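# Summary of the model geometry
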Amino acid sequence: MTDKSLESIKKVVEEKNIKRLFFEAHWIYRNRLDEIRDFFKVPITFKTGIETFDNDFRERVLRKGADFKDYREVKKYFDSPCVMVGIKGQTREMIDRDMEIIKNFSHATVNIFMNNSTEIKRDDELVKWFVEKYRYLEDDPRVDILFEITDFGVG
């Protein structure tokens, strides 16, 4: 973000007496998050789109550029991982493992994959299985689950 954008956000935070911010940052910015915390001087929940904790799938298929090997590395910097489910090539076991790992975080976002302009495609059978097995996550206040890309009111 530009300095002007940051100053604009900070002004709104102060004027509206906002008590917590949510920001999303890519893994490569993990060593700069304290700069943002120091700048805003309010608690910040940092999210990061890691998509999956399966290293091979994340880097070979999704090419995320997030080279951590263990979820504890992510937890050291970020409060809330964003994971993606329903991608061709992903397995139920991978998703089960991701759903188990996110329990170690204070917050998580689970996105159901939607086809887009990339070569990566949605696996509708996997999505159906996931929704049946994990719909209960809707009631977990620590988890934001996006069944549609517009569930946050944007997209």
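Check the entry above for the structure.
Read on for an overview of the structure. (Residues numbered from 1 in each chain as written. Predicted model: local features only at pLDDT ≥ 70, side-chain atom pairs only at ≥ 80, totals over all residues. Heavy atoms only, no water.)

## Re the overall build of the chain
Along the backbone of the chain there are 6 helices and 5 strands. Along the chain direction, N to C, the helices and strands of the chain fall in the order α-β-α-β-α-α-β-α-β-α-β. Relative to the globule expectation of 15 Å for 155 residues, the C-alpha radius of gyration of the chain, 16 Å, shows essentially globular dimensions. Each principal axis of the C-alpha distribution contributes one length, and for the chain these read about 45 × 30 × 30 Å. In the chain, the share of contacts with a sequence separation of at least 24, taken over all contacts with a separation of at least 6, comes to 67%. For the chain, the computed accessible surface area is about 9400 Å², with 49% contributed by carbon and sulfur atoms. (Helix = DSSP H or I, 4+ residues; strand = E, 2+ residues; numbered from the N terminus. Rg over C-alpha atoms; globule rule 2.2 N^0.38 Å. Contact = heavy atoms within 4.5 Å. Areas by Shrake-Rupley, 256 points an atom, 1.4 Å probe, with all protein chains shown as cover.)

## Quick word on the sheet that holds strand β5 (residues 143–146)
Within the open sheet, the 5 strands sit side by side as β1-β2-β3-β4-β5. Their pairing is parallel. Lying at the two open borders of the sheet, with one neighbouring strand each, are β1 (21–24) and β5. The average undirected angle you get between the axes of adjacent strands in this sheet is 20 degrees. As judged from the 4 bridges shared by strand β4 (residues 108–112) and β5, these two strands associate in the parallel manner. (Pairing = 2+ DSSP bridges. Axes fitted to C-alpha atoms, helices over the stretch in contact; angles between N-to-C directions.)

## A few points about the pattern of salt bridges
Evaluated as defined, the whole model comprises 12 salt bridges. Glu-59 is paired through a salt bridge with Arg-58; the nearest N and O atoms lie 3.1 Å apart. Looking at Glu-59, the relative accessible area reads 28%, which means it is partly exposed. Owing to a relative accessible area of 0%, Arg-58 belongs among the buried residues under this scheme. Salt-bridge contacts for Glu-100 lead to Lys-103; the nearest nitrogen and oxygen are separated by 3.1 Å. (Salt bridge = Lys/Arg side-chain N within 4 Å of Asp/Glu carboxyl O. Buried < 20%, exposed > 50% of the residue type's maximum accessible area, 1.4 Å probe, protein only.)

## A few points about unusual backbone geometry
With a phi close to 60 degrees, Lys-41 is a non-glycine residue in the positive phi region. Considering the arrangement of structural elements, one finds Lys-41 in the loop between α2 (33–40) and β2 (44–51). For Glu-51, which is not glycine, the phi dihedral falls at a positive 70 degrees. Tracing the backbone through its elements, the reader meets Glu-51 in strand β2.

## As for the environment of Val-13
Residue placement: Val-13 occurs in helix α1 (residues 3–15). Distance in space between the C-alpha atoms of Val-13 and Asn-115 is 35 Å, their sequence separation being 102 residues. Once residues lying within four places of it in the same chain are set aside, the contact partners of Val-13 are Ile-18, Leu-21, Phe-40 and Val-42.

## Here's the deal with the packing of helix α5 (residues 92–101) against helix α6 (residues 124–134)
It is the contact of α5 with α6, at a shortest axis distance of 11 Å, that shows an interaxial angle of 35 degrees. Crossing angle aside, the handedness with which α5 passes α6 is right-handed. For the pair α5 and α6, contact is made by Arg-92, Ile-95, Asp-96 and Met-99 and by Leu-126, Trp-129, Phe-130, Lys-133 and Tyr-134, respectively. (Left-handed = near helix turned anticlockwise from the far one by under 90°.)

Bear in mind that shape data such as this cannot, by itself, settle questions of function.
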